[in-house]
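Below, each chain spelled out in residue letters.
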Number of protein chains: 2
Amino acid sequence: MKRFILVVTGLLLAVMAMAQTLTSPNGEMVMAFSLEKGGVPTYTLSFKGKEVVKPSRLGFEFVDNAYATYGSYSTKPERPIYSMREGFSMLGSESATFDETWEPVWGESSKIRNNYNELLVKLCRDERGFLLNIRFRLYDDGLGFRYEFPQQKSKKLAYFVIKEEYTEFAMTGDHMAYWIPGCYATQEYQYEATRMSEIRKSMEKVSENVGRAQVAIFSPTGVQTSLQLRSDDGLYINLHEAALVDYSCMHLELNDKTNVFTSHLTPDALGYKGWLQAPCHSPWRTIQVTDSACKMLASNLILNLNEPCALEDTSWIKPVKYIGVWWELMLGKSSWSYTKSFNGVKLGVDDYTKATPRPSHGANNENVRRYIDFAAKHGFDQVLVEGWNIGWEDWFGYKKDYVFDFMTPYPDFDVEALNKYAHEKGVRLMMHHETSSSIRNYERHMEQAYEFMNKYGYNAVKSGYVGDIQPLGEHHFGQYMVNHYLYAVKEAAKHKIMVNAHEAIRPTGLCRTYPNLIGNEACRGQEYYTNADSGIAPHHATIMPFTRLNGGPVDYTPGIVNLKFADQTKSKSKQKRCGQSTICFQLALYITMYSPLQMAADLPENYEAQPQAFQFIKDVAVDWDESRYLAAEPGDYIMIARKAKGKQEWFVGGITDENSRTLPLSFDFLEKGKKYEATIYADGKDAHFMDNPHSYTVTKKTVTAKSKMNIAMAAGGGVAISIKEIN
Amino acid sequence: MKRFILVVTGLLLAVMAMAQTLTSPNGEMVMAFSLEKGGVPTYTLSFKGKEVVKPSRLGFEFVDNAYATYGSYSTKPERPIYSMREGFSMLGSESATFDETWEPVWGESSKIRNNYNELLVKLCRDERGFLLNIRFRLYDDGLGFRYEFPQQKSKKLAYFVIKEEYTEFAMTGDHMAYWIPGCYATQEYQYEATRMSEIRKSMEKVSENVGRAQVAIFSPTGVQTSLQLRSDDGLYINLHEAALVDYSCMHLELNDKTNVFTSHLTPDALGYKGWLQAPCHSPWRTIQVTDSACKMLASNLILNLNEPCALEDTSWIKPVKYIGVWWELMLGKSSWSYTKSFNGVKLGVDDYTKATPRPSHGANNENVRRYIDFAAKHGFDQVLVEGWNIGWEDWFGYKKDYVFDFMTPYPDFDVEALNKYAHEKGVRLMMHHETSSSIRNYERHMEQAYEFMNKYGYNAVKSGYVGDIQPLGEHHFGQYMVNHYLYAVKEAAKHKIMVNAHEAIRPTGLCRTYPNLIGNEACRGQEYYTNADSGIAPHHATIMPFTRLNGGPVDYTPGIVNLKFADQTKSKSKQKRCGQSTICFQLALYITMYSPLQMAADLPENYEAQPQAFQFIKDVAVDWDESRYLAAEPGDYIMIARKAKGKQEWFVGGITDENSRTLPLSFDFLEKGKKYEATIYADGKDAHFMDNPHSYTVTKKTVTAKSKMNIAMAAGGGVAISIKEIN
């Protein structure tokens, strides 16, 4: 019997070595799948006849689930590894095509077309009879594929553990790469722009500098997705994942001799990469391919690969423009913590009413009222307040379990009165839940914390995950935490609460399915301007839309209009820092760094000192009917025009890296035959991101669809234009 | 300045080498503490002039908390270890004496005297200025001491990590030891009775046999507490811990060359032993010492070292005598799971209403009603039902996260109707929450699960923690889980729910503080009678009251009256097993194995076939005014008399090991001048725990305080007597 099966398998393999091909709707993208010698699943990808992905293997190493983890000092249980990289035979395949246009609750455009051709290949790992399907969806702008583990023939097969996923992305050459280090703990690195072959050398520098920081860089050639690449023959290639649910986050490990990237999943506390139960599937592995940078920015492939909205009622989800008791914390002008009376706080034990308040405590009634007044006066939706709740005295770095209760305000923060005050002025407070990565503690308090928000009228929470994950041994980007972040979003939705998650998992398009996930940080945001020995170079923001924003919005906290910190803080280290951008760069970010949740991050007094620039921040929309990607090169510049949702208003934003440059701007996105007034916020001639960031001009011009102009941007500068129809 | 401090330190050390002694209230127990050469904290203990604990060192290894856990591939953060075992100087000491009598909500007696002398020594670890206090409480029956970490001088010192605790218990010789293996995962071992020097050899056998079982035996000489010892000069010594809260459970590691036991804490996923924040303290380390086994059983030292009751209202906490849809599961007559239709269930996805029910599903309406009827007829308080809720099809061994929801009944279990039916008959159902050790999942559902119980009128839950802990890498007995078990009990108290926790942490007297913790398993209970290749020898139950019950009650599930399984099950492996005890042994357990929550574990039909024996089970009390420990030798026999709470009724229970024996019984515990009728359940002359377990006689006699008799017990047999005043 066994011999017979082997013969049949041999025959099947002979047949299957012939590739199955899949072509994108417009015919330009071609994917081929084949079982190579020995039953090795392999795919290739080409675009307009150019090879994009060379033959690349697909597969895993598994271990059985049904073993004890420990054992005795004399008999440790072994988990035999078994290969899921070879020995497959083809059971069959299915093809399909799909074309729909859907409307996001919020987004860069009000309609998104989702059009692909699909191939499902059905494989069997002969040795065990394990069934594995691979589903490919080919778009005109790229490929998505995922591993599907259908119902197995036995319970034993249904449960399995991923020792490693081995999904290859074999590149055709030593492309330019726009990358940050692969890391289990943080995404807050500055983007590097190097050849793939230079990653190893650059990584050494980064790795040496991190010291005791909360990082876990795992390899000299490991990078995070979304990874933007550019080939010498002009292709823009992006590797990422979509719909990361109940699975470990994927990094890419480069073999810099062969130019092959291989998936590297985030491990759990035992070093395993995933505990799965069939039927289930991996997230989508994605390869976006375009022949221009602008087309790459326009791609909706990641959102399209996510499931449709899971919420029945989304009427309560609203884009948010907000200010906050926040930048003053970044500048070191004020403090999250209320007191220095305790050498370590115990919640419920230490009595804050008997503690000596710090004069610097930012979240006090008077100061918060000042922000509320400012928000009301200038039309902001919400006021974020950080440091309102007890526990900040020793919140970080101690692996403290019961670090916050998310419900008890400091004595100088009257939660009821302040919310009432805000609501009377048409403003809401924004909740802040720093978890300090004490996950059990957050989940234990979550329901009550959300109920507390409902009670006082909060409808949005900025959550935070600073520091090592507890339970210890788990990582920010492992399956355990991926599950948690989504749990927090889904539980929030039950309470009609929007979530803006900081230090959480990178966006993979889940905001399509759960549009109350209205913000992410997942990046080095502008808070780093104030950090000693770090900062952010201007090119960073020109790469972010290709990478971290490929999958969802980012709360980058733009709008800093006083970019010189020397006079604003007593902190000697922060005095040496600056905003590393011009005012116009800051204004442009509201367009180039898409988010339905945008902060005006600077201090009220700084806005009052810059009323012209502030006017743009007040005017700019946060939700869009349409977006036009006018000019872009990752690492160099970006210029985008967006039409405000439901209005005849357009906004243009452009930024450049550390080099000044002039870009042509055609207004042909405007409706023909109509006249518009354009208010142009441009860098001053002497503007410079380090020396002279505050120089800018504001001019008004009448424009039509035929108008053209050249936009000059200073080094580290930008341009912002608001355009209104003239009736 | 530094030199000066050193000189002073030197002087202090010279002074401190002189011991500080502490004497127990009756003067028989003497503890001496000293700082030995090099500032090493050391203690000794003697009883009636006999040395009990030779000079034994106290201390720790710590690491700083404030370090990142990971790092990069090139720069791993180091956690420097620093010794807390030497270099101490004495800052001072305080003495106190304490004497109170308190009333437990339930217990072996209605009043407990708590009388000790106390010494608090205040130490400073010179190198860092770390403050460490050690508090000793000396009772007439033993010593308790704990490490206290007072408020430190800086936040950095306030947070620390225990790398290892090094508390020594230096024994004076190669005592007899009554032990089970030290293990991070399970307590379900059969007790061994060997010399300390024989532990290593016996452990080899145990360790080899565990195979792939869910165990984590960490060392060839590691044992669990409570550890019972007996010295050749007639002392009974017991090593344990009291009030295990927010700390890792302690095991003991024996140096079998020196006869020194050293504490061995359960590690976390990273291998650390505890994450602490001063002010805080360790649990009590306890050394009970008596010159008779009966006095050891009478000791309340563990309860006394716990905090008083933390619950304001305890009126809802009631002892419980219960039956359950349970033994039929153990016998393999019925199943927890409802269907075989699924190869792995996904809750909320798979539709049970479309599944094919197994005829064997035990928790069906009809069967549960049968148990309710039986409970009502015979006066039982509650009926436990296991397997009532969806998820049992693949609940075990797969590290499944979302394994149960604790709220959705199987289609054939009408939760509303069954509770109503039970309540109308004066009976309650007992809830069952098997967690499969998926801790996050349980905590996510806990509040709703307790609300569900309140809604339907459940007031007690049997919880279970079978399998490897999730989060993976954590252990059943580490700090993370110790915190969880108590969290579950405290949250239950908010809902007026009593908890009977199985596979949870061993009792350390916390039932004094949280008397809704009405039961524990934490041992090899009678379910093992039905297990292939295992079972329980009779001596086990004669050791349990000295060990596992030293700190709280155990749900041992006594009352099996049909001890031959061959005709009761279709399971071939179970047919070969038997109850390894006589019926009278089973009856005696209600007295010898103290618990305020006692099961009548056998099937209703088996009780109906043994109406005489069943009468004792119906009659026996579960709460007591007074207990008299009449005869005992660990590993051999136990005989106890107890007076029912608030009644003129006494019950006597006696059991023996695999040897038949006759024990004298004096009724002098009865009130003088009164007459009582004693109903004596005695082994038949031909009774034997393996061959003839069902042979017993029931006789009635009039007895007074002057009565005496000899009680003959068969091999693996026992005696049970109920005594009522004759009016």
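For the structure given in this document, a descriptive report is provided here. Values in this document were obtained by computation on a predicted structure and should not be read as measured data.

**As for the overall build of chain A**
Counting its secondary structure elements, chain A contains 16 helices and 39 strands. Over its C-alpha trace chain A gives a radius of gyration of 26 Å, about what one expects of a compact globule, namely 27 Å for 727 residues. Here the C-alpha coordinates of chain A stretch approximately 85 × 70 × 50 Å along the principal axes. Summarising the internal contacts of chain A: among those between residues at least 6 apart in sequence, 71% fall at separations of at least 24. Here chain A has roughly 25,000 Å² of accessible surface; of this, 49% comes from carbon and sulfur atoms. The centroid of the 80 positive side-chain charges in chain A is displaced by 1 Å from the centroid of its 85 negative side-chain charges.

**Here we look at the nonpolar core**
The biggest cluster of nonpolar side chains holds 420 residues, and the ones touching the most others in it are Phe136 of chain A together with Phe136 of chain B. Apart from the residues within four sequence positions on either side, Phe136 of chain A is in contact with Leu22, Met31, Phe33, Tyr43, Leu58, Asn117, Glu118, Leu119, Val121, Leu143, Gly144 and Phe145 of chain A.

**Focus on the relation of the copies chain B and chain A**
What relates the pair of chain copies is a rotation about an axis plus a shift along that axis. Once turned by 180° and shifted 0.0 Å along the axis, chain B lies on chain A with an RMSD of 0.0 Å. Both chain copies can therefore be described as sitting about a two-fold axis.

**A short note on the packing of aromatic side chains**
All names here are of chain A. One pass over the structure, following the stated rule, counts 92 aromatic pairs over all chains. Measuring from centroid to centroid gives 5.2 Å for Tyr338 and Tyr410, while their planes differ by 20°, and the two rings are stacked. Here Tyr338 is found in the loop between α6 (327-330) and α7 (365-378), whereas its partner Tyr410 is found in the loop between β26 (382-385) and α8 (415-424), with 72 residues between them in sequence. Comparing Tyr338 with Tyr410, the two get one shared label, buried. Every member of this aromatic cluster is reached through a ring pair, and the members are Phe33, Tyr43, Phe60, Phe62, Tyr82, Phe130, Phe136, Phe145, Tyr147, Phe149, Phe160 and Phe169. Over the face of the ring belonging to Trp102 we find Arg512, whose NZ or CZ atom lies 3.9 Å from the ring centre.

**Things to note about the sheet that holds strand β2 (residues 29-36) of chain B**
Residues and elements named next belong to chain B. Taken together, the eight strands give an open sheet; going across it, the order is β1-β2-β3-β4-β13-β21-β20-β17, and neighbouring strands pair in antiparallel fashion. Looking at strand neighbours, the two that pair on one side only are β1 (20-23) and β17 (222-224), the edges of this open sheet. Pairwise comparison of adjacent strand axes, ignoring direction, gives a mean angle of 25° for this sheet. Two elements, β1 and β2, share four bridges in a ladder whose sense is antiparallel. By the bridge assignment, Gln20 is partnered in β2 with Phe33.

**Some points on the interface of chain B and chain A**
The interface of chain B with chain A comprises 67 residues on the first partner and 67 residues on the second. Both sides of the chain B and chain A interface together cover about 5,600 Å² of buried area, and 49% of this is carbon and sulfur. For chain B, the biggest contributors to the area lost against chain A are Tyr70, Tyr73 and Tyr398 of chain B; these three give 14% of the whole. At the junction of chain B with chain A, the criterion picks out two salt bridges. Between Glu443 of chain B and Arg444 of chain A there is a salt bridge whose closest N-O contact spans 2.7 Å. There are 32 residue pairs in polar contact (both at pLDDT 80 or more) connecting chain B and chain A. Those elements giving two or more residues to the side of chain B that touches chain A turn out to be β6 (71-72), α2 (155-158), α3 (199-210), β16 (216-217), β22 (274-277), α9 (439-456) and α10 (479-494) of chain B.

**With respect to the pattern of salt bridges**
All names here are of chain A. Evaluation of the coordinates by the stated rule reveals 80 salt bridges over all chains. Measuring nitrogen to oxygen at the nearest pair gives 3.4 Å for the salt bridge that ties Lys496 to Asp313. Of this pair, Lys496 sits in the loop between α10 (479-494) and β29 (498-502) while Asp313 sits in the loop between α5 (301-304) and β25 (320-325), and the two are 183 residues apart along the sequence. What you see here is one network of salt bridges that share partners, running through Glu118, Arg135, Arg137, Arg146 and Glu148.

**Here we look at the pairing of strand β5 (residues 60-64) of chain B**
Residues and elements named next belong to chain B. Counted residue by residue, β5 has four buried out of five residues, so it is predominantly covered. By the bridge criterion, four bridges tie β5 to strand β7 (residues 81-84) in an arrangement that is antiparallel. Bridging from a neighbouring strand, Phe60 pairs with Met84 of β7. Sheet topology places β5 next to strand β12 (residues 159-165); five bridges connect them, and they run antiparallel. Considered in β12, the bridge of Phe60 is made with Glu165.

**Points about the packing of helix α14 (residues 583-592) of chain A against helix α16 (residues 611-619) of chain A**
Residues and elements named next belong to chain A. Between α14 and α16, the least distance of the axes is 10 Å, while the angle of their chain directions is 5°. One element, α14, and the other, α16, form an angle in the roughly parallel class. Contacts from Ile583, Leu587, Tyr590 and Ile591 in α14 reach Ala613, Phe616 and Ile617 in α16. Tallied by class, the residues present in the contact of α14 with α16 amount to seven nonpolar, no polar and no charged.

**Considering helix α8 (residues 415-424) of chain B**
Residues and elements named next belong to chain B. Taken together, the buried positions of α8 are Val415, Leu418, Asn419 and Ala422. Along the long axis of α8, the arc covered by the buried residues comes to 95°, so they all point the same way. Exposed and facing more than 90 degrees away from the buried side of α8 are Glu416, Lys420 and Glu424. Downstream of α8 by one or two residues, Gly426 has phi in the positive range, about 75°.

**Side note on helix α15 (residues 611-619) of chain B**
Within the sequence span of α15 of chain B, burial applies to Ala613, Phe614, Phe616 and Ile617 of chain B. Buried positions in α15 of chain B, seen along its axis, are confined to an arc of 150° and lie on one side of it.

**Points about a negative patch on the surface**
Taken together, the side chains of Glu447 and Glu451 of chain A together with Glu447 and Glu451 of chain B define an acidic patch exposed on the protein surface. Every element with two or more residues in the negative patch is listed here: α9 (439-456) of chain A together with α9 of chain B. Residue placement: Glu447 of chain B occurs in helix α9. Glu447 of chain B sits in the partly exposed class, given a relative accessible area of 36%.

**A word on the side chain of Ser437 of chain A**
All names here are of chain A. With respect to the helices and strands, Ser437 occurs in the loop between β27 (428-434) and α9. Residue Ser437 is classed as buried on the basis of its relative accessible area, which comes to 0%. Among the polar contacts listed, one links the side chain of Ser437 to the backbone oxygen of Gly467, at a separation of 3.0 Å. Of the polar contacts made by the side chain of Ser437, one reaches the side chain of His476; its length is 3.4 Å. Residues within four places of Ser437 in sequence aside, it is in contact with Tyr465, Val466, Gly467, Asp468, Ile469, Gln470 and His476.

**Quick word on the side chain of Asn459 of chain A**
Residue and element names in this part refer to chain A. Looking at the secondary structure, you find Asn459 in the loop between α9 and β28 (460-464). Relative accessible area serves as the criterion here: at 12%, Asn459 is assigned to the buried category. Looking at Asn459, its side chain comes within polar contact range of the side chain of Gln382, at 2.7 Å. Each residue touching Asn459, except ones within four places of it in the same chain, is listed here: Gln382, Arg428, Met453, Lys496, Ile497 and Met498.

What counts and how
Residues numbered from 1 in each chain as written. Chains lettered and ligands numbered in written order. Predicted model: local features only at pLDDT ≥ 70, side-chain atom pairs only at ≥ 80, totals over all residues. Heavy atoms only, no water. Helix = DSSP H or I, 4+ residues; strand = E, 2+ residues; numbered from the N terminus. Rg over C-alpha atoms; globule rule 2.2 N^0.38 Å. Contact = heavy atoms within 4.5 Å. Areas by Shrake-Rupley, 256 points an atom, 1.4 Å probe, with all protein chains shown as cover. Lys, Arg positive; Asp, Glu negative; His and termini not counted. Charge placed at Lys NZ, Arg CZ, Asp CG, Glu CD. Core = buried A, V, L, I, M, F, W, Y, C linked by side-chain atoms within 4.5 Å. Buried < 20%, exposed > 50% of the residue type's maximum accessible area, 1.4 Å probe, protein only. Least-squares fit on C-alpha atoms with pLDDT ≥ 70 in both. Phe/Tyr/Trp six-rings, centres within 6.5 Å; stacked < 30°, edge-to-face > 60°. Lys NZ or Arg CZ within 6 Å of the ring centre and 35° of its normal. Pairing = 2+ DSSP bridges. Axes fitted to C-alpha atoms, helices over the stretch in contact; angles between N-to-C directions. Buried area = accessible area lost by both parts, 1.4 Å probe. Salt bridge = Lys/Arg side-chain N within 4 Å of Asp/Glu carboxyl O. Polar contact = N/O pair within 3.5 Å; in protein donor to acceptor, adjacent residues only side chain to side chain. Parallel < 35°, antiparallel > 145°, perpendicular 65-115°, else oblique. Nonpolar A, V, L, I, M, F, W, Y, C, P; charged D, E, K, R; others polar. Arc of directions from axis to C-beta. Patch = residues over 30% accessible without salt bridge, like charges linked within 9 Å, V, L, I, M, F, W, Y side chains within 5 Å.

Coordinates in, geometry out; function isn't part of it.
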